[in-house]
Structures are given as structure tokens and as C-alpha cells.
Amino acid sequence: MKASPTLAANLQAVLTDLIELHLQGKQAHWNIVGPNFRDLHLQLDVLIDLARNLSDDVAERMRALEAVPDGRSVTVEKNTSLAAFPEGLISTHDAIDRIVAAINATVGTTRKVHDQVDEEDPTSADLLHTVLEGLEQQAWLIGAENMKP
């Protein structure tokens with residue numbers, strides 16, 4: 001099977017957001033300060049690994065479909081749906097809110113393209129289910145730190 005331009009573009013959109021999520025996770029990981037620093041520092045490692053692995057899975061799926069993934073920084077910066085992450089030190093509370101928003105933006109992109117992907121290639125849609133499952137779990141685990149009962 002060879003990906004149509006639409007399928008390739010949809011998978012590229014998810015790839016772009018996963019790469020940016022990985023980078024924002026690292027930025028937060030390096031610069032968080034405040035209460036529960038250690039726990040968040042370690043939890044961000046889990047998110048970073050997940051985003052990096054999922055981006056690799058999506059890029060390799062694209063290649064299997066003869067599409068060409070583009071992970072260049074210029075492409076990611078131009079096309080990501082994630083809001084920019086601030087430079088400098090950031091409180092754990094603010095980092096949690098920003099990272100959960102970044103996860104949710106990536107989930108939003110994935111859900112937005114899902115049905116079109118599924119119409120053309122159910123196997124790629126299955127990969128998107130894996131993306132959604134992993135990211136939604138991370139949004140819950142990280143976001144629970146700032147939740148109130």
C-alpha cells in the first residue's frame with residue numbers, strides 16, 4: 001500500500017506534534033523548580049520516552065507506506081499545533097498545566113485526523129489508537145498533580 005497525499009499529511013501532523021511534545025517535555029524536565037520537583041522530573045522522563053517512541057513509530061509507519069516523514073526543526077516549528085513553551089525556569093505547577101495542554105493539543109491533532117486515516121488505512125488508525133491511549137494516560141497522571149477533588 002502507498003499512502004495518499006492526505007494520509008501522509010495526516011500522519012505528518014501527528015508526527016510533528018509528537019516531536020514538539022518530546023521537545024517541550026525536555027524543556028520542562030530541565031527547568032522545573034518547586035514542590036514535587038523530583039516526582040514531576042521523573043514523570044516527564046516517562047512522557048518524553050513515550051513521545052519519542054511514538055514519533056518513531058509514526059515515522060516508520062509513514063516509510064512503510066512510502067511517505068516521507070519530516071522531523072526537521074523548521075518543519076516542527078512551522079506546523080505544530082502546540083503553544084510555545086516558555087524559556088527559563090518554570091514552577092512545577094505551571095509546567096504541569098503547560099505540559100498537559102501540550103499533550104491535549106497532540107491528542108486533539110490525533111483525533112482530528114483519525115477518521116480520515118481510518119478510511120484509508122485501518123492499520124495506521126490502530127497506531128493512532130496507541131498514541132491516544134498513551135498520551136491520554138500521561139495527561140491524567142501528570143495533570144492529577146494539580147487537580148482538586
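Predicted model, so just to flag it, every value in this text is computed and none were measured.

A. The nonpolar core, seen in detail. Among the nonpolar cores identified, the biggest contains 43 residues, and V58, I103 and L135 are the most heavily contacted of them. For this core, the elements supplying multiple residues, two or more each, are α1 (5–31), α2 (37–64), α4 (92–120) and α5 (122–143). In contact with L135, not counting residues within four places along its chain, are L18, L21, L47, L50, L54, I103, T106 and V107.

B. Local environment of the environment of T92. With respect to the helices, strands and loops of the structure, T92 is situated in helix α4. Remark: the alpha-carbon pair of T92 and N146, spanning 54 residues in sequence, is separated by 9.4 Å. Beyond its immediate sequence surroundings of up to four residues, T92 is in contact with I32, V33, G34, P35, N36, F37 and L40.

C. Structural view of a nonpolar patch on the surface. Nonpolar side chains collect at one region of the surface, where W140, L141 and M147 lie side by side and expose about 330 Å² of accessible area between them. Since its relative accessible area comes to 35%, L141 is described here as partly exposed.

D. Structural detail: unusual backbone geometry. The phi angle at N36 is positive, at roughly 60°, despite the residue not being glycine. Take N36: it is sitting in the loop between β1 (32–33) and α2. By relative accessible area, which is 42% here, N36 ends up partly exposed. The backbone of E66 sits at a positive phi, close to 65°, despite the residue not being glycine.

E. Looking closely at a negative patch on the surface. A cluster of acidic side chains, namely D115, D118, E119 and D126, defines a negative patch on the protein surface. Ranked by residues supplied to the negative patch, first place goes to α4 with 3 residues. Structurally, D118 can be placed in helix α4.

F. Quick peek at the side chain of D17. Secondary-structure assignment places D17 in helix α1. It is K112 that comes nearest to the buried, bridge-free D17 among opposite-charge side chains, at 8.9 Å. Engagement of the side chain of D17 in a polar contact is seen with the side chain of T80, the distance being 2.9 Å. A distance of 2.6 Å separates the side chain of D17 from the side chain of T109, its partner in a polar contact. Every residue in contact with D17, bar those within four places of it in the chain, is listed here: T80, S81, L82, A105, T106 and T109.

G. Summary view of α5. The end-to-end C-alpha distance of α5 is 31 Å, a good match for the 32 Å that 22 residues give at a rise of 1.5 Å each. Of the residues making up α5, those classed as buried are S124, A125, L127, L128, V131, L132, G134, L135, Q138, A139, I142 and G143. Where the residues of α5 are buried, they touch α1, α2 and α4.

H. Geometry of the pattern of salt bridges. Following the criterion strictly, the structure yields 4 salt bridges and no others. Here R52 and D49 are joined by a salt bridge, their closest N and O atoms 2.8 Å apart. Of this pair, R52 and D49 both sit in helix α2, 3 residues apart, which is roughly one turn of that helix. The partly exposed category is assigned to D49, whose relative accessible area is 35%.

Conventions adopted
- Residues numbered from 1 in each chain as written.
- Predicted model: local features only at pLDDT ≥ 70, side-chain atom pairs only at ≥ 80, totals over all residues.
- Heavy atoms only, no water.
- Core = buried A, V, L, I, M, F, W, Y, C linked by side-chain atoms within 4.5 Å.
- Buried < 20%, exposed > 50% of the residue type's maximum accessible area, 1.4 Å probe, protein only.
- Helix = DSSP H or I, 4+ residues; strand = E, 2+ residues; numbered from the N terminus.
- Contact = heavy atoms within 4.5 Å.
- Patch = residues over 30% accessible without salt bridge, like charges linked within 9 Å, V, L, I, M, F, W, Y side chains within 5 Å.
- Areas by Shrake-Rupley, 256 points an atom, 1.4 Å probe, with all protein chains shown as cover.
- Salt bridge = Lys/Arg side-chain N within 4 Å of Asp/Glu carboxyl O.
- Lys, Arg positive; Asp, Glu negative; His and termini not counted.
- Charge placed at Lys NZ, Arg CZ, Asp CG, Glu CD.
- Polar contact = N/O pair within 3.5 Å; in protein donor to acceptor, adjacent residues only side chain to side chain.
- Expected span 1.5 Å × (residues − 1).

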